[in-house]
Amino acid sequence: MLITNIGTANTLDYLIKNKIKTLTALDICVGYCGKTAIHDYYDELLAVSSRGRCRLILGMYSHQGAFINSTSKKPTPLKLILDKLNTDLRKLSSSSGVFITKDQFHGKIYNLEYEGKQEIYLGSCNFSLDGLGGRREAQILAPKSDNPAITAYINSLASKTNAIDLQLLSTSTPPTVSGLRKLHKVSALPSYLTKDRISGTITLRVDEQPKSGLNLCFSSGRINKYTGKYTPRPWYEVELSIDEKERNQPIYPKINNAAVTIKHQKTRNRCIFKAYLHYRHTDKFYSCTMATYSDQNKAMCSDGDRRILGEFIKSRLENLGLLKVGDKITSDVLNAYGFNNIELERYTDPRAVKTTDPLSDKVYVITF
């Protein structure tokens, strides 16, 4: 059976509403959902939960800021209605609820169980007005022989290992930071800096790092041991992982000028250095402090707040219309930008107080 949303009787909306009064279990596993669809189905979803189980599993809201209004910094109307739905579903059945997958899930699976029967539909329909009938889609009934495997997959999506109960998802921190704007900004480097005859590049290996590097926000978040709240990593948090060849460039900052133990990494290899963040072909330079650390100083980020370097890179792509909050940075994004690396240059500051630290009078320019 193929559902295309062409014709009133061939919509996903028609299919579900025609069966929902008899359902004893309903699993909706989608990337996105719509506030209006939730509102229209609200009472029916609760009725299913009262008879057995109703789970809404959402796969594209795991990044920080997914449920935050970018202007007001308050929870979106969708988040508010989902919170209420989650609470009401759980009052009726402990196995029901709204779940947010930790890793991005973009599939669309609808599992309907009634009168000892099970129907699972796979396809492209999100749980939204467009997905349910407003847009041409494709959803097909899976063969019964595949039901056990698909059911196991649905259960794994909603497991504690792979998903967060919506009530434990923290949205207290907005997706943006003001760190970059607070940095000292100049339109040219200070004239007293003398350029060293040394330079290098660092490749941004985004396709190899879908959950690290510039895409660190898609890795596992953090759980507050006191409240149990799960906080996704900030959208702008990044940590560049530098390969051995690039670390061996003479310009690469890896002098152990600050033997500071990083508790979670159990390392003392921390190199702190002064830098300017610079956009290619512009006169924008932001003064900041950077650091390399971990084994062989293979990690690089902005010191103190790892979101600053991320905001510097991601906001550039956002302002050019190449990236939206929640999207992974891929090689296609960087190719559209025109560059897949950052350039390193080094200068000497004759005004700096020279110490035993070889980088005490050095200033780096990091160009993206």
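Notes on the structure in this doc start here. (Residues numbered from 1 in each chain as written. Predicted model: local features only at pLDDT ≥ 70, side-chain atom pairs only at ≥ 80, totals over all residues. Heavy atoms only, no water.)

### As for the overall build of the protein
Consideration 1: Of the regular secondary structure elements, the protein holds 9 helices and 18 strands.
Consideration 2: In terms of overall dimensions, the protein has a C-alpha envelope of 80 × 45 × 40 Å along the principal axes.
Consideration 3: The buried share of the protein, taken over its 368 residues, is 51%.
Consideration 4: Taking the intrachain contacts of the protein between residues at least 6 apart in sequence as the baseline, contacts between residues at least 24 apart amount to 69%.
Consideration 5: For the protein, the accessible area works out to roughly 17600 Å², and carbon and sulfur atoms hold 51% of it.
Consideration 6: Distance between charge centroids for the protein: 4 Å, based on 52 positive and 36 negative side chains. (Helix = DSSP H or I, 4+ residues; strand = E, 2+ residues; numbered from the N terminus. Buried < 20%, exposed > 50% of the residue type's maximum accessible area, 1.4 Å probe, protein only. Contact = heavy atoms within 4.5 Å. Areas by Shrake-Rupley, 256 points an atom, 1.4 Å probe, with all protein chains shown as cover. Lys, Arg positive; Asp, Glu negative; His and termini not counted. Charge placed at Lys NZ, Arg CZ, Asp CG, Glu CD.)

### Brief notes about the pattern of salt bridges
Consideration 1: Under the defined criterion, the tally for this structure stands at 24 salt bridges.
Consideration 2: A salt bridge links Lys 19 to Glu 119; its shortest N-O distance comes to 3.5 Å. Placement of Lys 19 in helix α1 (residues 12–19) and of Glu 119 in strand β6 (residues 117–123) is noted, with a sequence separation of 100 residues between them.
Consideration 3: Taking the relative accessible area as the measure of exposure, Lys 19 reaches 17% and is therefore buried.
Consideration 4: On the accessibility criterion, Glu 119 (15% relative accessible area) is buried.
Consideration 5: When the shortest N-O distance is used, the salt bridge between Arg 53 and Asp 27 registers 2.7 Å. Residue Arg 53 is found in strand β3 (residues 53–58), and its partner Asp 27 is found in strand β2 (residues 25–30); the two are separated by 26 residues along the sequence. Just as Arg 53 is buried, Asp 27 falls in that class too.
Consideration 6: Through salt bridges that share partners, Arg 222, Arg 233, Glu 237, Glu 239 and Arg 306 make up one connected network. (Salt bridge = Lys/Arg side-chain N within 4 Å of Asp/Glu carboxyl O.)

### Concerning the packing of helix α2 (residues 35–51) against helix α3 (residues 77–92)
To characterise two packed helices, one gives the angle between the axes of the helices and the distance between these axes.
Consideration 1: Contact geometry for α2 and α3: axes closest at 9 Å, N-to-C directions at 5°. Taken together, the axes of α2 and α3 are roughly parallel relative to one another. Touching Lys 35, Ile 38, His 39, Tyr 42, Leu 45, Leu 46, Ser 49 and Ser 50 of α2 are Pro 77, Leu 78, Ile 81, Leu 82, Lys 84, Leu 85, Asp 88, Leu 89 and Leu 92, all from α3.
Consideration 2: Here the residues of the contact of α2 with α3 sort into 11 nonpolar, 3 polar and 3 charged. (Axes fitted to C-alpha atoms, helices over the stretch in contact; angles between N-to-C directions. Parallel < 35°, antiparallel > 145°, perpendicular 65-115°, else oblique. Nonpolar A, V, L, I, M, F, W, Y, C, P; charged D, E, K, R; others polar.)

### Considering α2
Consideration 1: Taking 1.5 Å of rise per residue, the 17 residues of α2 would be expected to cover 24 Å, and the 24 Å separating its terminal C-alpha atoms lies within 8% of that figure.
Consideration 2: Taking the largest bend as the criterion, α2 deviates by roughly 60°, centred on Tyr 42.
Consideration 3: Among all positions in α2, only Ala 37, Ile 38, Tyr 41, Tyr 42, Leu 45, Leu 46, Val 48 and Ser 49 are buried.
Consideration 4: Its buried side turned inward, α2 meets α1, β2, β3, α3 and α4 (129–134). (Expected span 1.5 Å × (residues − 1). Bend = angle between axes of the 7 residues up to and from the residue.)

### A few points about the sheet that holds strand β1 (residues 2–3)
Consideration 1: Reading across the sheet, the 8 strands line up as β1-β7-β6-β5-β2-β3-β4-β8 and stay open at both edges, with mixed pairing between neighbours. Of all strands in the sheet, those bounded by a partner on one side alone are β1 and β8 (163–165).
Consideration 2: Where β1 meets strand β7 (residues 139–141), 2 bridges bridge the pair, whose relative direction is antiparallel. Bridging from a neighbouring strand, Ile 3 pairs with Gln 139 of β7.
Consideration 3: α1 contacts β1, β5 (109–114) and β6 of the sheet and is inclined by roughly 25° relative to β5.
Consideration 4: Packing of α3 onto the sheet brings it into contact with β3, β4 (97–101) and β8, and relative to β4 it is tilted by some 125°. (Pairing = 2+ DSSP bridges.)

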